[in-house]
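For reference, the chains in residue letters:
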Amino acid sequence: QVQLVESGGGLVQAGGSLRLSCAVSRSIFGIASMAWYRQAPGKQRELVALITPGGRTNYTDLVKGRFTISRDNAKNTVYLQMNSLKPEDTAVYYCNGAMVMSRVNYWGQGTQVTVSS
């Protein structure tokens, strides 16, 4: 079993920055794609950013150039650096680990990000 624990959410003004962290209970970065999703009230959960075991990254067009996903293998931690935040970025942000071979998905509990205008 793998546990994911997010932190770093909060309230920030438009144009500000936040860094989310996702602590993973064991080393899986070599065998799992890690991602950040978000879900705003009344909307479906959507993929924000992803990093593959090989280190390739992908972003939704909505955040390209503003958000950066990264990972620290030694700390078993995935980050999402969010800059130039907009009110429409307001959502609960979830960390996800998707095992490449077994297709098993692990989720964190989510962290709230609120961007005020």
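Refer to the structure printed above.
A quick note: this is a predicted structure, and the numbers were derived from the prediction, not measured. (Residues numbered from 1 in each chain as written. Predicted model: local features only at pLDDT ≥ 70, side-chain atom pairs only at ≥ 80, totals over all residues. Heavy atoms only, no water.)

Draft legend 1. Summary view of the sheet that holds strand S3 (residues 18-24). Spatially, S1-S3-S8-S7 is the arrangement adopted by the 4 strands of the open sheet, whose pairing is antiparallel. The sheet is open, and its two edges are formed by strand S1 (4-7) and strand S7 (67-72), each paired on a single side. For this sheet, the mean angle separating the axes of adjacent strands, direction not counted, is 15 degrees. Across 6 bridges, the pairing between S3 and strand S8 (residues 77-82) is antiparallel. Across the sheet, the residue bridging to Arg 19 is Gln 81, located in S8. (Pairing = 2+ DSSP bridges. Helix = DSSP H or I, 4+ residues; strand = E, 2+ residues; numbered from the N terminus. Axes fitted to C-alpha atoms, helices over the stretch in contact; angles between N-to-C directions.)

Draft legend 2. Quick look at the state of the cysteines. Applying the stated criterion across every chain yields a total of 1 disulfide. Across the disulfide, Cys 22 is cross-linked to Cys 95 (sulfur-sulfur distance 2.1 Å). Negative torsions about the S-S bond denote left-handed disulfides, and the value of about -80 degrees found for Cys 22 with Cys 95 makes this one left-handed. Taken together, the residues span a long stretch of sequence, with Cys 22 in strand S3 and Cys 95 in strand S9 (residues 91-99) at a distance of 73 residues. Judged by its relative accessible area of 0%, Cys 95 falls in the buried class. (Disulfide = S-S within 2.5 Å. Buried < 20%, exposed > 50% of the residue type's maximum accessible area, 1.4 Å probe, protein only.)

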